[in-house]
Amino acid sequence: MKNLNYTMLCDFYELTMGNGYFLKGYKDEICYFDVFYRSVPDGGGYIIACGLEQIIDYINNLHFDEDDIDYLRSKNCFSEEFLSYLRNFRFEGDIWAVSEGTVVFPNVPIMTVRAPAIQAQLVETFVLLTINHQSLIATKTNRIVRAAEGRAISEFGSRRAHGPDAAVLGARAAYIGGASATACVLTDRLYKVPATGTMAHSWVQMFDSEYEAFKAYCEVYPDDATLLVDTYNVLKSGVPNAIRVFDEVLKPLGKRPKGIRLDSGDITYLSRRARQMLDDAGYPDCKIVASNSLDEYLIRDMLMQGAKVDLYGVGERLITAKSSAVLDGVYKLVAVEKDGVITPKIKISENVQKITNPHFKKVYRLYDNENGKAVADYICVYDEKVNPAEPLEIFDPDYTWKKRTLTNYTARELLVPIFVGGKCVYQKPALSEIREHCKREVESLWETVLRFENPHVQYVDLSSKLWNIKQRLLSELSDGIKKQ
């Protein structure tokens, strides 16, 4: 996490290629790489980009220690000249990226790296693992938050996360995606995500009776009493004992209970019965918290069936994005530069989805001025500009006869400078600002894009200039292959 040297967190081929670039005279060849993804997890309509802050820290700390050099020498495949070069290694390139919390659609660049070949190649693994993981968790959380329809979501997943970094940074991403709190204390300590928690079943089992366990907890935490009521029997024991302790301990102190938590059983049924019992006892303000392997589908179904839950604690299915646990972000070469001339590059494949969009590019998000909703993303060559004062014709890059002319619109450039000449020029926003940005981004989408099943596919269009370059490269490469 913070201040750790992750320079060696790379794939081995990034170093072998770096050695090859060095020996073959490509060390200073300027390259452009795009980071983008191809498909939305869970069949959704978008992802939420996260992880930029950790990438900035990583880039700022890139260096090889002498122990790293010794290790690489022991592999017996790197030249001494290359190892000497690594002793003074630092990132000297440029990076553009979307701000954290930004909604991103498939094939739209999340980040562009421009740097000498060895530098650009080396950062691939860390950049991808950071964006892929945090964006995945933020996106999953946002689905869960939307399913809860305004009820608070607390991230409860640390113990099921895939390691310490996944727990801590996953909780950070969940907060960006809309979670209101986390159970992870270290995330609160490092990133100021509010830490919250109640008790485990072991607390209740530790005492001679459930009543004594509840009584002790309320005596220790009279201002923050939330009791776990399903250790033995929710309706016959848990809720009645909670009410009794509220009456005997909190009420004489002039305190009100915060809530009860249900962690097993038919939560929809139990919450309705518990709500009635609490109301009848004079505690209509006592919240009901639900946990137990929840996700957006279960929460949606519970609410449709009349569950009386005020807050959800969501763990394993959030922190691991269990239902669709991979974001397929990739890092692809799109251009090289020599003597100030940028030459576009393209990857082709029999799998059409894997054909890349070439060149150094800009991305504009286009908004309808009448309702503020995002109409389309417009990907163009770096030297093109969109002028909202003029009509703009957009077209589907695959079905080119599908065209639309925009007139009353606003254009926002998505990729902003992060590093220039190896120096960070980006002012990192507070996590609360990122979270609010994410909220505004989601609110700018049409309801059809927000559907959990079969969402509308947001338009991602190429400019005529970029589309023509892509078609030319495809034709030239195809002709070249035929002549071989």
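Residues numbered from 1 in each chain as written. Predicted model: local features only at pLDDT ≥ 70, side-chain atom pairs only at ≥ 80, totals over all residues. Heavy atoms only, no water.

A closer look at the overall build of the protein
Inclusion rule: To qualify as a helix, a DSSP run of H or I must reach at least 4 residues; to qualify as a strand, a run of E must reach at least 2; elements of each kind are numbered from the N terminus. Exposure categories follow from relative accessible area, calculated using a 1.4 Å probe and restricted to protein chains: below 20% of the type maximum is buried, above 50% is exposed, and the middle band is partly exposed. Contacts were defined at the residue level, with two residues in contact if any of their heavy atoms lie within 4.5 Å. For the accessible areas, the method is Shrake-Rupley and the probe is 1.4 Å, while residue cover comes only from the protein chains on display. As used throughout, the charge tally considers Lys and Arg to be positive and Asp and Glu to be negative, leaving His and the chain termini uncounted. Here the site of a charge means atom NZ of a Lys, CZ of an Arg, CG of an Asp or CD of a Glu.
In terms of helices and strands, the protein carries 16 helices and 21 strands. By principal-axis analysis of the C-alpha atoms, the protein measures approximately 85 × 60 × 40 Å. Counting the 484 residues in the protein, one finds 52% classified as buried. In the protein, 73% of the contacts between residues at least 6 apart in sequence involve partners at least 24 apart. For the protein, the exposed surface amounts to about 22200 Å²; the carbon and sulfur share of it is 50%. Both charge centroids of the protein, one from 59 positive and one from 65 negative side chains, sit 2 Å from each other.

Here we look at helix 13 (residues 296–304)
Note the cut-off: Think of it as the arc spanned by the lines of direction from the helix axis to the C-beta atoms. Think of a polar contact as two N or O atoms within 3.5 Å of one another; within protein, one of them needs to be a possible hydrogen donor and the other a possible acceptor, and neighboring residues in sequence only count if both atoms come from side chains.
For helix 13, every residue scored as buried is listed here: Glu296, Ile299, Met302 and Leu303. Considered in projection along helix 13, the buried side chains sweep an arc of 130° and stay on one side of the axis. For helix 13, the capping residue at the N-terminal end is aspartate 295, with a side-chain oxygen 3.1 Å from the backbone nitrogen of tyrosine 297. Among the residues trailing helix 13, glycine 306 stands out with phi positive, at a value near 90°.

Regarding the nonpolar core
Where we set the bar: Only buried residues count toward a nonpolar core. Its members are Ala, Val, Leu, Ile, Met, Phe, Trp, Tyr and Cys residues joined through side-chain atoms within 4.5 Å.
By size, the foremost hydrophobic cluster in this structure holds 142 residues, and its most contacted members are Met111, Phe246, Ile260, Ile299 and Tyr312. Sequence-distant contacts of methionine 111, defined by excluding residues within four places in its chain, comprise Phe33, Asp34, Val35, Leu52, Ile55, Ile95, Trp96, Ala97, Val127, Ile131 and Leu415. Counting residues in each nonpolar core, the second largest holds 11 residues, with Leu366, Leu392, Leu406 and Tyr409 among its members.

Some details on the UniProt feature "domain: Nicotinate phosphoribosyltransferase C-terminal" (unreviewed entry) in the protein
In plain terms, the rule: UniProt positions are given in the numbering used here, feature names are shortened, and annotations may be inferred rather than shown by experiment.
The sites that carry the UniProt feature "domain: Nicotinate phosphoribosyltransferase C-terminal" (unreviewed entry) are, in the present numbering, residues 361–470. Secondary structure across residues 361–470 divides into 18% helix and 36% strand, with the first and last C-alpha atoms of the span separated by 12 Å.

Quick look at the side chain of asparagine 142
Mapped onto the secondary structure, asparagine 142 falls in helix 6 (residues 124–147). Judged by its relative accessible area of 5%, asparagine 142 falls in the buried class. The residues contacting asparagine 142, other than those within four sequence positions of it, are Tyr46, Ile48, Gly177, Cys438 and Val442.

Notes on the packing of helix 1 (residues 12–23) against helix 4 (residues 80–87)
Let me state the cut-off plainly: Lines are fitted to the C-alpha atoms to define the axes, a helix being fitted only along its stretch in contact, and any angle between axes, read from their N-to-C directions, falls within 0 to 180 degrees. Roughly parallel covers angles under 35 degrees, roughly antiparallel covers those over 145, roughly perpendicular covers 65 to 115, and oblique covers all other angles.
Two elements in contact, helix 1 and helix 4, have axes separated by 9 Å at closest approach and are oriented at 105°. With respect to helix 4, the element helix 1 is oriented roughly perpendicular. Contacts between helix 1 and helix 4 pair Leu15, Gly18, Asn19 and Phe22 from the former with Glu81, Phe82 and Tyr85 from the latter.

So, unusual backbone geometry
A positive phi angle, near 60°, is found at asparagine 76, a position not held by glycine. Relative to the elements of secondary structure, asparagine 76 occurs in the loop between helix 3 (66–74) and helix 4.

Quick word on the packing of helix 11 (residues 234–253) against helix 12 (residues 267–280)
Applicable threshold: Two helices cross in a left-handed way if the nearer one is turned anticlockwise from the farther one by less than a right angle. They cross in a right-handed way if the turn is clockwise. Charged means Asp, Glu, Lys or Arg here, nonpolar means Ala, Val, Leu, Ile, Met, Phe, Trp, Tyr, Cys or Pro, and polar covers whatever is left, Gly included.
Interhelical geometry of helix 11 versus helix 12 gives an angle of 35° and a closest axis separation of 11 Å. Every pair of crossing elements has a handedness; the one defined by helix 11 and helix 12 is right-handed. Residues Val234, Leu235, Val239, Pro240, Ile243 and Phe246 of helix 11 form the contact with helix 12, whose participating residues are Tyr269, Leu270, Arg273, Ala274, Met277 and Leu278. For the contact of helix 11 with helix 12, a count of residues per class yields 11 nonpolar, no polar and 1 charged.

Thoughts on the pairing of strand 14 (residues 361–368)
For clarity, the threshold we go by: In this scheme, strands are said to pair when DSSP sees at least two bridges between them.
For strand 14, the buried fraction is high: 8 of the 8 residues fall into the buried class. Covered by surrounding structure in strand 14 are Lys361, Val363, Arg365 and Tyr367 together with Lys362, Tyr364, Leu366 and Asp368, the residues of both alternating faces. Strand direction decides the pairing type here: strand 14 and strand 15 (residues 374–381), joined by 7 bridges, are antiparallel. From the neighbouring strand, arginine 365 faces strand 15, where its bridge partner is aspartate 377. Relative to strand 18 (residues 409–413), strand 14 is paired through 5 bridges, and the arrangement is antiparallel. The residue of strand 18 that forms the bridge with arginine 365 is arginine 412.

Some details on the pattern of salt bridges
Heads up, the rule is: Each reported salt bridge corresponds to a side-chain nitrogen of Lys or Arg within 4 Å of a carboxyl oxygen of Asp or Glu.
Inspection of every chain in the model, using the stated rule, returns 32 salt bridges. A salt bridge links arginine 365 to glutamate 441, with the nearest nitrogen and oxygen atoms 3.2 Å apart. With a gap of 76 residues between them, arginine 365 in strand 14 and glutamate 441 in helix 15 (residues 431–443) connect regions that are remote in the sequence. The pair formed by arginine 365 and glutamate 441 is uniform in burial state, with each residue classed as buried. With a shortest N-O distance of 2.6 Å, arginine 412 and glutamate 441 are connected by a salt bridge. Placement of arginine 412 in strand 18 and of glutamate 441 in helix 15 is noted, with a sequence separation of 29 residues between them. Each of Asp42, Lys140, Arg143 and Glu296 takes part in a single network of salt bridges with overlapping partners.

Brief notes about the sheet that holds strand 14
Taken in spatial order, the 4 strands of this open sheet run 18-14-15-21, and their pairing is mixed. Looking at which strands have only one partner, the edges of the open sheet turn out to be strand 18 and strand 21 (459–462). On average, each strand axis in the sheet is inclined to that of its neighbour by 25°, with strand direction left out of account. Two elements, strand 15 and strand 21, share 4 bridges in a ladder whose sense is parallel.

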